Amino acid sequence: MPPRTCLCGLPAPYQDCCGRFHRGEAAPATAEQLMRSRFSAFGVGDEAYLLRTWHPSARPPRLDLDKRVRWVRLEVLGSTGGSVVHTEGTVRFRAHYLERGKPGEMEEHSRFVRLDGRWVYAGALNG
């Protein structure tokens, strides 16, 4: 069962926020929206959405999410480009999780590009 409030950090119900992207009813208009929707996809276990929004050159052949990890909160730390008029963008974020009940976090500076008019995750940047 999906969460009531969206995991992406925006104050909206999941169904109206990232749920619409996961269901294919809409596509993220910005790189940040895609990053938020991918975080939510990790949270709800939507492996198909994650693979669908990964750039083909960086996409793993399959994805097996660790069921012991529960993604609980997202902080967007900054972004460059990635708007409706850009073709590339980056988003730096901190993702909080629980693994076997113990809190943890990970930071990433992600790169996004438009492919056939849609934003896709192109991988993590160094530094």
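The text that follows walks through the structure, step by step, so that each part is easy to find.

The rules we used
- Residues numbered from 1 in each chain as written.
- Predicted model: local features only at pLDDT ≥ 70, side-chain atom pairs only at ≥ 80, totals over all residues.
- Heavy atoms only, no water.
- Helix = DSSP H or I, 4+ residues; strand = E, 2+ residues; numbered from the N terminus.
- Buried < 20%, exposed > 50% of the residue type's maximum accessible area, 1.4 Å probe, protein only.
- Contact = heavy atoms within 4.5 Å.
- Areas by Shrake-Rupley, 256 points an atom, 1.4 Å probe, with all protein chains shown as cover.
- Phe/Tyr/Trp six-rings, centres within 6.5 Å; stacked < 30°, edge-to-face > 60°.
- Expected span 1.5 Å × (residues − 1).
- Pairing = 2+ DSSP bridges.

1. A closer look at the overall build of the protein
Part 1 of the argument: Looking only at helices and strands, the protein has 3 helices and 4 strands in total.
Part 2 of the argument: Its helices and strands in sequence order give the protein the pattern α-α-α-β-β-β-β, from N to C terminus.
Part 3 of the argument: The C-alpha extent of the protein, read off along each of the three principal axes, is 40 × 35 × 30 Å.
Part 4 of the argument: Counting all 127 residues of the protein, 39% fall into the buried class.
Part 5 of the argument: Relative to all contacts within the protein whose residues are 6 or more apart in sequence, the contacts with residues 24 or more apart total 43%.
Part 6 of the argument: Summed over all atoms, the accessible surface of the protein reaches about 7,400 Å², with 51% contributed by carbon and sulfur.

2. Some details on the packing of aromatic side chains
Part 1 of the argument: Within the structure shown, the criterion is met by 5 aromatic pairs.
Part 2 of the argument: Through a chain of ring-to-ring contacts, three or more aromatic side chains come together here, namely Phe39, Phe42, Trp71 and Tyr97.

3. Some remarks on helix 2 (residues 31-44)
Part 1 of the argument: Taking 1.5 Å of rise per residue, the 14 residues of helix 2 would be expected to cover 20 Å, and the 20 Å separating its terminal C-alpha atoms lies within 8% of that figure.
Part 2 of the argument: Regarding helix 2, the residues found buried are Ala31, Leu34, Met35, Arg36, Ser37, Arg38, Phe39, Ser40 and Ala41.
Part 3 of the argument: Structurally, helix 2 contributes buried residues whose contacts are with helix 1 (18-22), helix 3 (47-52), strand 1 (69-81), strand 2 (88-99), strand 3 (102-115) and strand 4 (118-124).

4. Quick word on the pairing of strand 2
Both faces of the sheet carry side chains from a regular strand, because those side chains alternate between them.
Part 1 of the argument: Here 11 bridges tie strand 1 to strand 2, and the two strands are oriented antiparallel to one another. When the bridges of strand 2 are listed, Ser79 appears paired with Val91.
Part 2 of the argument: Turn length for the strand 1-strand 2 hairpin, with the two strands adjacent in sequence and antiparallel, is 6 residues, and the turn residue Gly82 shows positive phi of about 75 degrees.
Part 3 of the argument: Where strand 2 meets strand 3, 12 bridges bridge the pair, whose relative direction is antiparallel. The residue of strand 3 that forms the bridge with Val91 is Ser110.
Part 4 of the argument: Remark: 2 residues form the turn of the hairpin made by strand 2 and strand 3, two consecutive strands paired antiparallel; Arg100 in that turn has positive phi of roughly 55 degrees.

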